[in-house]
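# Structure assessment
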Amino acid sequence: MKRVFVIGAGATKIGEHWDKSLRELAVEALLAAVRDAGIDKREVQALYVGNMMSGELQGQEHLGALVATWAGMAGVAAFKVEAACASGGAALHQAYLAAASGLYDCVAVVGVEKMTDALPNDVTSALLTAEDQDYVVFAGATFVGLNALAYRMYLSRYGVKQEDVARFAVHCHKMAVNNPYAQFRREVTLEEVMSSPLIADPIRLLECAPVGDGAAALVLCNEDFLKRNPRDVLVEIAGGAVATDILSVHERKDPLAMAGFRKAAGEAMKRAGIETKDVDVLEVHDAFTVLGILTLEALGYAPPGKGWQLVADGELEPGGRIPTNTMGGLKARGHPVGGTGVYQVFDIVRQLRGEAGANQVEGAEIGLAQNLGGVAGTVAVHVMRRVR
Amino acid sequence: MVWAESIPRAWRERVKKYRLLGGKCPSCGSVVYPYRQVCPYCGSEVLQPVELPRRGRVISYTVVRHPPSDFVGKEPYVVAIVELEGGARVLAQLTDVKPEEVREGMEVEAVFRRYREQSPNGVIEYGIKFRPV
Amino acid sequence: MKFSMKVGIAGYGAYVPIYRIEGSEVARIWGSGDEEPIKEKSVPGLDEDSLTMAFEAARGALEMAGVERSEVGAVLVGSESPPYAVKPSATVIAEALGLTPRVVAIDMEFACKAGTTAMILAAGLIAGGAIKHGLAIGTDNAQARPGDELEYTAGAGAAAYLLSGDSNRFLAVIEHAYSYVTDTPDFWRREGERYPRHAYRFTGAPAYFGHIVGAAKGLMEEAGLKPTDFDYVVFHQPNVKFPLRVAQMLGFKPEQVKPGLLSGEIGNTYAAASLIGLARVLDAAKPNQRILVVSFGSGAGSDAISLVTTDKVGSKRSSLERFLSRKVYVDYGLYAKMKGILRVA
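Residues numbered from 1 in each chain as written. Chains lettered and ligands numbered in written order. Predicted model: local features only at pLDDT ≥ 70, side-chain atom pairs only at ≥ 80, totals over all residues. Heavy atoms only, no water.

Counting its regular elements, chain B contains one helix and eight strands. In chain B, the order of α-helices and β-strands from amino to carboxyl end is α-β-β-β-β-β-β-β-β. In summary, chain B has a C-alpha radius of gyration of 16 Å against a globular reference of 14 Å for 133 residues, a match within 12%. Put simply, chain B has 133 residues, and 55% of those count as buried. Here the contacts in chain B between residues at least 6 apart in sequence split such that 45% fall between residues at least 24 apart. Put simply, chain B shows about 5600 Å² of open surface, and 51% of that area lies on carbon and sulfur atoms. (Helix = DSSP H or I, 4+ residues; strand = E, 2+ residues; numbered from the N terminus. Rg over C-alpha atoms; globule rule 2.2 N^0.38 Å. Buried < 20%, exposed > 50% of the residue type's maximum accessible area, 1.4 Å probe, protein only. Contact = heavy atoms within 4.5 Å. Areas by Shrake-Rupley, 256 points an atom, 1.4 Å probe, with all protein chains shown as cover.)

Rendered as structure tokens:
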């Protein structure tokens with residue numbers, strides 16, 4: 001396996017881009033990453049497009065060839081990679097594997113989603129393609145509803161107050177104020193979160209990641225490429241892993257165990273040669289506040305049922321014990337579904353390069369990104385390391 | 001949404017839905033719903049079909065207030081994880097109960113109800129919901 | 001009519017939805033100032049229809065009878081409000097009960113008489129030696145034009161009877177039957193119309209009373225019985241007044257009628273009405289009691305069925321009392337949504 005480095009990163013702002021199509025968003029991010037890498041786009045040998053719902057919402061598949069064509073890169077090996085909300089992370093994993101294998105020396109990944117083309121009830125239905133159509137979606141469950149089932153179990157099992165979990169959203173909004181790419185750049189109070197409308201009890205509107213459009217892209221290369229094209233490189237993908245769990249959360253023996261995440265995180269960290277204590281900056285998949293808390297506990301930063309304490313104590317801030325979602329996370333930076341897995345790494349790359357501005361984590365060296373598909377049915381975890 | 005109006009698909013699954021047909025794993029003893037040939041827990045490929053008990057209790061529940069397209073007009077409704085006698089877990093709606101009356105641990109029984117229509121004049125899909133005992 | 005072989009009831013079930021609307025609430029919207037004909041009626045939930053109600057009643061009947069599913073040879077469903085105009089409820093019910101594929105199945109319409117006719121036909125199949133046991137179901141989610149006087153009473157419910165030729169299983173034996181039918185257009189619904197129409201006072205003497213009296217007298221003459229030979233009589237019950245009046249006309253006493261008279265609480269459940277009344281009676285009956293059931297279906301006709309309970313009656317009871325006692329009241333707005341009067345576009 002060859003070492004793989006991030007040599008370019010680019011993204012669009014996340015928001016309601018009425019005037020930009022799916023392909024335009026993808027191309028904007030991809031070409032920005034290519035420019036950032038300082039290479040000619042024709043040097044990219046393989047392109048991985050992470051996306052979940054283009055078929056449902058745009059009636060469009062075959063995104064590999066589409067994006068390659070519209071980026072002026074037709075001819076490149078190109079693929080759409082889908083793993084529900086982990087499509088971005090899964091696409092990144094494929095890109096990483098391609099470069100690590102040495103079959104390709106320079107590859108690119110773009111995660112993209114365009115959600116505002118459809119009506120809200122139809123977006124809800126499209127998101128549900130992540131779940132079992134015949135036995136879960138059939139029952140009228142929504143994606144928020146499935147997470148709510150886990151949320152309620154968490155609150156009951158540990159006797160935690162919902163406010164303490166909801167505070168995770170307050171933290172994310174505070175972080176996003178300084179992120180020019182974020183969808184929401186204003187702070188919210190805990191009162192606002194707890195009085196926002198119920199979507200699927202007990203989950204409230206401001207505990208949910210928003211609907212939005214956006215694309216983020218990375219250019220990766222391996223050591224062979226660097227030998228031919230020496231350059232200043234700061235960020236390496238030190239390890240990555242993908243794992244699945246039993247798809248339906250209600251079928252897992254313990255719906256709160258996050259077994260898929262534990263497996264992927266364990267493997268990624270082992271490959272990177274690190275432990276959780278080495279992580280300087282963390283990106284968790286907070287599609288709903290409770291997922292952020294469960295992840296912190298699963299990583300061992302707090303005992304089960306006590307993850308909320310980290311938020312309350314400010315440990316997730318740039319100066320805290322485990323800076324988390326320092327660019328706003330899914331809640332405030334945004335969650336254009338297929339794009340998220342790449343946005344998370346984009347945010348970590350900025351931290352490791354020292355380009356995080358007001359939210360900079362001093363001396364950040366190791367970053368870990370967790371991207372969940374469905375209710376953690378697929379998990380992609382990547383570890384990034386600053387090499388100089 | 002094309003899949004939502006597939007008659008063959010709904011027809012294929014009807015017996016599992018109507019009769020709560022699950023599978024018992026002879027290797028690890030787990031009971032799953034719906035029936036499938038391979039055990040999701042231990043990988044055994046010889047699951048036995050079994051009509052599951054029609055009583056259980058609520059493990060967790062939520063109240064859906066913003067439904068997907070084919071449930072518009074039915075909200076708010078309760079979706080719950082029901083653990084049946086014998087251990088199989090089913091994801092289903094609760095019915096004949098007000099959302100505020102639902103409790104974790106509530107005893108419930110299976111009933112046969114309409115879930116959805118494939119389209120306004122299309123095929124009606126029936127299945128199992130649960131109501132308080 | 002007598003059957004060539006003894007046929008009896010081996011199990012029965014009845015179902016009424018949990019929701020109720022009071023007559024006074026209907027009057028609040030449409031009120032004419034007249035006294036409401038009943039106190040309250042049952043309303044099906046958003047996820048219920050005549051098929052789901054029929055299933056629940058049928059399941060109760062099968063469970064009570066405890067027969068082998070493979071030996072149930074018929075599922076006959078009487079209803080005027082099936083969810084499909086074309087596609088029988090009987091197949092869904094049979095599939096859901098595990099009775100498919102070897103079963104005689106059909107949906108039938110004869111307004112509020114279809115359930116008792118299903119019983120007569122099931123009995124015929126059994127007595128003819130064609131099947132061992134048969135399910136006869138009467139079920140309706142009664143539709144009435146909003147603002148029409150029938151809206152006060154159009155209720156919802158189902159009842160099912162597992163008939164058998166196996167005398168060891170009899171809770172009650174069918175002693176005699178009599179069907180009385182004429183072409184009388186008292187109440188009808190043309191194809192494509194949402195709500196039925198009726199002929200007001202014409203639905204009384206020429207329709208309800210004429211046919212019930214015709215069937216009841218016909219049966220009693222043929223069978224050599226008089227009103228005093230019966231412990232109970234259950235009439236079709238579109239309201240509370242008609243059954244009591246026809247009882248008096250025929251020489252029955254109110255005490256014989258009241259145990260099986262439920263319309264005041266649940267409304268007119270159309271094809272299920274007399275059968276739900278019969279279930280209430282069977283739940284209370286003692287061994288060796290004689291019961292007369294006389295249905296009436298618009299169009300028009302009446303089935304009279306005479307039953308005698310065995311010493312096994314009372315060893316089993318249906319869930320009817322449980323369903324009658326659980327009530328959640330709805331206002332007219334929610335009622336309109338549940339009945340499909342208000343629709344999401």
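Having seen the model, we can carry on.
This next bit is on the sheet that holds strand β2 (residues 31-32) of chain B. Residue and element names in this part refer to chain B. The antiparallel open sheet is built from three strands, whose spatial order is β2-β1-β3. Of all the strands in the sheet, just β2 and β3 (48-51) have a single pairing partner and so form its edges. Inspection of the sheet shows strand β1 (residues 21-24) paired to β3 by four bridges, in the antiparallel sense. By the bridge assignment for β3, G23 is matched with P49. (Pairing = 2+ DSSP bridges.)

Attention now goes to the interface of chain B and chain C. If you look at the interface, chain B gives 26 residues, while chain C gives 26 residues. Between chain B and chain C lies a buried interface of about 2100 Å² when both sides are counted; carbon and sulfur atoms form 48% of it. For the pair chain B and chain C, the number of links is ten salt bridges. Here B:R131 and C:E56 are joined by a salt bridge, their closest N and O atoms 2.6 Å apart. (Buried area = accessible area lost by both parts, 1.4 Å probe. Salt bridge = Lys/Arg side-chain N within 4 Å of Asp/Glu carboxyl O.)

All of the buried residues in helix α5 (residues 120-127) of chain A are A:V123, A:T124, A:S125, A:A126 and A:L127. Next to the buried residues of α5(A) lie α2 (54-58) and α14 (337-353) of chain A.

In this section: empty space enclosed by the protein. Taken as a whole and judged by the stated rule, the model has four cavities of 30 Å³ or more. Size it by volume and the largest cavity reaches roughly 90 Å³. Taken together, 13 residues line the largest cavity, and the ones lying closest to its centre are A:F138, B:Y33, B:L91, B:Y115 and B:I128. Where the lining of the largest cavity is concerned, the elements lending two or more residues are β6 (89-94) and β8 (124-132) of chain B. Considering only enclosed or pocket space, the second largest cavity measures out at about 70 Å³ in volume. A:N147, A:A150, A:V249, A:R252, A:P255, A:M258, A:V290, A:L291, A:L294, A:V375 and A:A376 together form the lining of the second largest cavity. Among the elements of the structure, α6 (143-158) and α11 (289-298) of chain A are those that each provide at least two residues to the lining of the second largest cavity. Top contributing element to the lining of the second largest cavity by residue count: α11(A), with three residues. Residues that form the lining of the second largest cavity fall into these classes: nine nonpolar, one polar and one charged. (1 Å grid on protein atoms, 1.4 Å probe; cavity = no way out; pocket = protein on both sides within 12 Å on 5 of 7 lines; lining within 4 Å. Points joined across faces, edges and corners; volume = space filled by probe spheres on them. Nonpolar A, V, L, I, M, F, W, Y, C, P; charged D, E, K, R; others polar.)

To continue, consider the layout of surface pockets. Residues and elements named next belong to chain C. Taken as a whole, the second largest pocket encloses approximately 1100 Å³ of empty space. Only α1 (23-30), α5 (204-223) and α6 (241-250) provide two or more residues apiece to the lining of the second largest pocket. Ranked by residue count, the leading element in the lining of the second largest pocket is α5, at four residues. Residues belonging to the lining of the second largest pocket are distributed by class as follows: 16 nonpolar, twelve polar and nine charged.

Residues and elements named next belong to chain C. Summarising the element assignment, H133 is placed in strand β6 (residues 133-141). A residue is classified by how much of its surface remains accessible, and H133, at 0% relative accessible area, is buried. Between the C-alpha atoms of H133 and E35, which are 98 residues apart in sequence, the distance is 45 Å. Setting aside chain neighbours within four positions, we find H133 in contact with V67, E71, V72, G73, A74, I126, L162, L163, S164, D166 and R169. Looking at H133, its side chain comes within polar contact range of the side chain of S164, at 2.9 Å. (Polar contact = N/O pair within 3.5 Å; in protein donor to acceptor, adjacent residues only side chain to side chain.)

All names here are of chain A. The buried fraction of strand β10 (residues 366-373) is high, at eight of eight residues. Alternating positions in β10 separate into two faces, I366, L368, Q370 and L372 on one and G367, A369, N371 and G373 on the other, with burial throughout. Here β10 pairs with strand β11 (residues 378-386) via eight bridges, running antiparallel. If you follow L372 over to β11, its bridge partner there is V379. With antiparallel pairing between neighbouring strands as the criterion, β10 and β11 make up a hairpin whose turn holds four residues, including G374 at a positive phi of roughly 60°.

The extent of an interface is frequently quoted as the accessible surface area lost upon association of the parts. All names here are of chain A. Assigned domains of chain A: these are domain 1 (4-119 + 211-235) and domain 2 (126-208 + 237-387). When each unit is reduced to the centre of its C-alpha atoms, the spacing between domain 1 and domain 2 is 22 Å. Residue-level contacts link 48 residues of domain 1 with 41 residues of domain 2. Roughly 3300 Å² of surface becomes buried between domain 1 and domain 2 when both sides are summed, with 70% attributable to carbon and sulfur atoms. Taken together, the links from domain 1 to domain 2 amount to one salt bridge. For D36, the salt bridge goes to R353, with nearest N and O atoms at 3.0 Å. Summed over the shared surface of domain 1 and domain 2, the result is 14 residue pairs in polar contact (both at pLDDT 80 or more). Listing elements by their share of the side of domain 1 that touches domain 2, those giving two or more residues are β1 (4-11), α2, α4 (87-101), β4 (106-114) and β7 (213-222). Per element, the largest residue contribution to the side of domain 1 that touches domain 2 is eight residues, and it comes from β1. Per-class residue counts for the side of domain 1 that touches domain 2 are 30 nonpolar, 13 polar and five charged. (Domains from an automatic or database assignment.)

Opposite the 40 residues of chain B that make contact, chain A presents 34 residues. Carbon and sulfur atoms make up 57% of the area that chain B and chain A hide from each other, which totals about 3300 Å². Among the residues chain B hides against chain A, the three largest losses belong to B:W3, B:R89 and B:L91. Together they make up 19% of the total. The interface formed by chain B and chain A includes three salt bridges. Connecting chain B to chain A are 24 residue pairs in polar contact (both at pLDDT 80 or more). Of all the secondary-structure elements, those providing two or more residues to the side of chain B that touches chain A are α1 (7-18), β4 (55-64), β5 (77-84), β6, β7 (107-117) and β8 of chain B. Per-element accounting of the side of chain B that touches chain A gives the leading share, six residues, to β4(B).

In this structure, A:P202 follows A:D201 across a cis peptide bond, with omega equal to 0°. Here the residue pair B:Y33 and B:P34 is connected by a cis peptide bond, since its omega of 0° sits within 30 degrees of zero. If you trace the backbone, B:P34 turns up in the loop between β2 and β3. For B:D96, which is not glycine, the phi dihedral falls at a positive 55°. Its location among the elements puts B:D96 in the loop between β6 and β7. Residue classification places B:D96 among the buried positions, given a relative accessible area of 9%. Here C:K87, not a glycine, exhibits a phi torsion of approximately 140°, which is positive. With respect to the element layout, C:K87 can be found in the loop between β4 (72-78) and α3 (89-97).

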